[in-house]
Amino acid sequence: MPGLTIGDRVPNIEVESTHGKFKLHDFISDSWIILFSHPGDFTPVCTTELGMMAKYADEFSKRGVKLLGLSCDDLGSHNEWIKDVEAFSGGHKVNYPIIADPKRKIIKQLNMVDPDEKAPNGEHLPSRALHIIGPDKLVKLSFLYPATTGRNIDEVVRVLESLQMAAKHKVATPVNWKPGEEVVISPSINNDEAKKMFPQGYHTADLPSKKGYLRFTSV
């Protein structure tokens, strides 16, 4: 994606939301953030997504994560739509703020513009984008889905745990990794360092190259 992407610092813009005005960096503070945009209020896929985010809010909070939604509709629309979201989600409250961006300035700054979809008046619509932002205000991961495809919130939780683990330990997560499974040790760590850093031990995959670069451990 062009524009704001992995490794970039999120701009400290002031936004207006269902929880009042604030600057993004103040909202992030020293937390992890999941910032997600939706193409429009009172639309079917978005209603299911925001409801699922509300349902998972406690799981994200346990991991030190704040949620922040965004669309180009105004605050009045957001507040009315939230009633539908909460009703559909079985009463789970939308306790996270949703940014209003009727002038479509913020979606451009945050790289959340759909390249194809446009409103009837020709204006660009927000994409179904999601940024995971670290306490350092840097984008750690970005998802971009077409308007027709809803996000998998379980996958958002999975990659969040992977990112947080990688930030805490010098490890990476292998294909199809799930929390609780073994991780791989960074190639930048030699075997002597690995023994000190991972006293629980590790094992090395026996590969034809015999290079010993694929080392697994538990953390």
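Residues numbered from 1 in each chain as written. Predicted model: local features only at pLDDT ≥ 70, side-chain atom pairs only at ≥ 80, totals over all residues. Heavy atoms only, no water.

Trainee: I keep staring at the overall build of the protein chain and nothing clicks. Help me out?
Mentor: Within the protein chain, the secondary structure is distributed over 7 helices and 13 strands. On the principal axes, the C-alpha backbone points of the protein chain span a range of 60 × 35 × 35 Å. Taken over 219 residues, the protein chain has a buried fraction of 45%. Relative to all contacts within the protein chain whose residues are 6 or more apart in sequence, the contacts with residues 24 or more apart total 62%. Of the roughly 11500 Å² that the protein chain leaves accessible, carbon and sulfur atoms contribute 52%. Averaging the locations of the 27 positively and 28 negatively charged side chains of the protein chain gives two centres separated by 6 Å. (Helix = DSSP H or I, 4+ residues; strand = E, 2+ residues; numbered from the N terminus. Buried < 20%, exposed > 50% of the residue type's maximum accessible area, 1.4 Å probe, protein only. Contact = heavy atoms within 4.5 Å. Areas by Shrake-Rupley, 256 points an atom, 1.4 Å probe, with all protein chains shown as cover. Lys, Arg positive; Asp, Glu negative; His and termini not counted. Charge placed at Lys NZ, Arg CZ, Asp CG, Glu CD.)

Trainee: Would you mind going over unusual backbone geometry with me for this structure?
Mentor: Notably, Asn-111 is not glycine yet its phi reads approximately 55 degrees, a positive angle. Relative to the helices and strands, Asn-111 is located in the loop between α5 (106–109) and β6 (113–118). A positive phi angle, near 70 degrees, is found at Lys-137, a position not held by glycine. Secondary-structure assignment places Lys-137 in the loop between β8 (128–133) and β9 (139–145).

Trainee: Please explain the pairing of β8 as it appears in this structure.
Mentor: Sheet faces and side chains relate simply in a regular strand, where the side chains alternate between the two faces. Of all the 6 residues making up β8, 6 are buried; the element is thus mostly covered by neighbouring parts of the structure. The alternating pattern of β8 places Arg-128, Leu-130 and Ile-132 and Ala-129, His-131 and Ile-133 on opposite faces, both of which are buried. Sheet topology places strand β3 (residues 32–37) next to β8; 4 bridges connect them, and they run antiparallel. If you follow Phe-36 over to β8, its bridge partner there is Leu-130. (Pairing = 2+ DSSP bridges.)

Trainee: How do you make sense of the pairing of strand β1 (residues 14–17) when you look at a structure like this?
Mentor: Going residue by residue along β1, you find Val-15 and Ser-17 tucked away on one face and Glu-14 and Glu-16 left uncovered on the opposite face. Where β1 meets strand β2 (residues 20–23), 4 bridges bridge the pair, whose relative direction is antiparallel. Across the sheet, Glu-16 pairs through a bridge with Lys-21, a residue of β2.

Trainee: Quick question: what am I supposed to make of the packing of aromatic side chains here?
Mentor: How two aromatic rings sit relative to each other is set out by the distance from centre to centre and by the angle between their planes. For the structure shown, the criterion picks out 4 aromatic pairs. Each ring, one from Phe-36 and one from Tyr-96, has its centre 5.6 Å from the other, and the planes form 70 degrees; the classification is edge-to-face. Placement of Phe-36 in strand β3 and of Tyr-96 in the loop between α4 (75–88) and β5 (98–100) is noted, with a sequence separation of 60 residues between them. The same class applies to Phe-36 as to Tyr-96, namely buried. (Phe/Tyr/Trp six-rings, centres within 6.5 Å; stacked < 30°, edge-to-face > 60°.)

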